[in-house]
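Read off the chains here:
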Amino acid sequence: QVQLVESGGGLVQAGDSLRLSCAASGRTFSSLVLGWFRQAPGKQRELVAAITSDSTINYGDSVKGRFTISRDNAQNTVSLQMNILLPADTAVYYCAAAYGNSWLGPYHYWGQGTQVTVSS
């Protein structure tokens, strides 16, 4: 079992930065594939970024160059640094985890989500 809790969401203006954090409970954190996903109202959930146990990273095309994913295995956390935020980034952001070695998942463990709202 893996439990995930996101934090750090909020209301910001376009061009601002925000840092999300996900704290994990459970064992074998260092072996997990970790991902950030987001879902806007009426839209399909999409991959934002993912990082494997060996720190291989993949980003969604819409956030590449603006967002940075990182993990701290000693603290059992994964973070998402979001820069140059756009109104289109407004969504509920979810932390997810998988036991495999691929960023593709499958992601069976999900956090409760944290709201990010970007105003113009």
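Residues numbered from 1 in each chain as written. Predicted model: local features only at pLDDT ≥ 70, side-chain atom pairs only at ≥ 80, totals over all residues. Heavy atoms only, no water.

A. Structural detail: the pairing of strand 4 (residues 33–39). With 6 of 7 residues buried, strand 4 lies mostly within the body of the structure. In this structure, strand 4 lies alongside strand 9 (residues 91–98), joined through 7 bridges in antiparallel fashion. Bridge pairing links glycine 35 to alanine 96 in strand 9. Taken together, the 5 bridges between strand 4 and strand 5 (residues 46–51) define a ladder with antiparallel strand orientation. What sits directly across from arginine 38, in strand 5, is glutamate 46. Joining the antiparallel neighbours strand 4 and strand 5 is a turn of 6 residues, in which glycine 42 adopts a positive phi near 75°. (Buried < 20%, exposed > 50% of the residue type's maximum accessible area, 1.4 Å probe, protein only. Helix = DSSP H or I, 4+ residues; strand = E, 2+ residues; numbered from the N terminus. Pairing = 2+ DSSP bridges.)

B. Structural detail: the sheet that holds strand 1 (residues 3–7). The antiparallel open sheet is built from 4 strands, whose spatial order is 1-3-8-7. What marks the edges here is a single partner per strand, and that holds for strand 1 and strand 7 (67–72). Averaged over neighbouring strand pairs, the angle between their axes works out to 15° when direction is ignored. (Axes fitted to C-alpha atoms, helices over the stretch in contact; angles between N-to-C directions.)

C. Expanded view of the environment of glutamine 81. As for its position among the elements, glutamine 81 is in strand 8 (residues 77–82). Setting aside chain neighbours within four positions, we find glutamine 81 in contact with Ser17, Leu18, Arg19, Arg66, Phe67 and Thr68. Only 3.3 Å separates the side chain of glutamine 81 from the side chain of arginine 19, close enough to count as a polar contact. One polar contact links glutamine 81 to asparagine 83, side chain to side chain, over a distance of 3.0 Å. (Contact = heavy atoms within 4.5 Å. Polar contact = N/O pair within 3.5 Å; in protein donor to acceptor, adjacent residues only side chain to side chain.)

D. Region of the structure containing the packing of aromatic side chains. As enumerated under the stated definition, the model contains 4 aromatic pairs in all. Summarising the aromatic geometry, the rings of phenylalanine 37 and tyrosine 107 are spaced 5.1 Å apart at their centres and angled 75° between planes, so their arrangement reads as edge-to-face. With phenylalanine 37 in strand 4 and tyrosine 107 in the loop between strand 9 and strand 10 (109–110), this residue pair connects regions lying 70 residues apart in the sequence. Of the residues examined, phenylalanine 37 reaches a relative accessible area of 10% and is grouped as buried. Looking at tyrosine 107, the relative accessible area reads 12%, which means it is buried. Where phenylalanine 37 meets tryptophan 110, the ring centres are 4.9 Å apart and the plane angle is 55°; that geometry is what we call tilted. (Phe/Tyr/Trp six-rings, centres within 6.5 Å; stacked < 30°, edge-to-face > 60°.)

E. Quick look at the state of the cysteines. The tally for this structure, following the rule as stated, stands at 1 disulfide. Here cysteine 22 engages in a disulfide with cysteine 95; their sulfurs sit 2.2 Å apart. Between cysteine 22 and cysteine 95 the sulfur-sulfur dihedral comes to about -80°; the bridge is accordingly left-handed. Within this pair, whereas cysteine 22 is found in strand 3 (residues 18–25), its partner cysteine 95 is found in strand 9, the two being separated by 73 residues in sequence. Here cysteine 95 falls in the buried class, since its relative accessible area comes to 0%. (Disulfide = S-S within 2.5 Å.)

Keep in mind that these numbers describe shape and distance, not what the molecule does.
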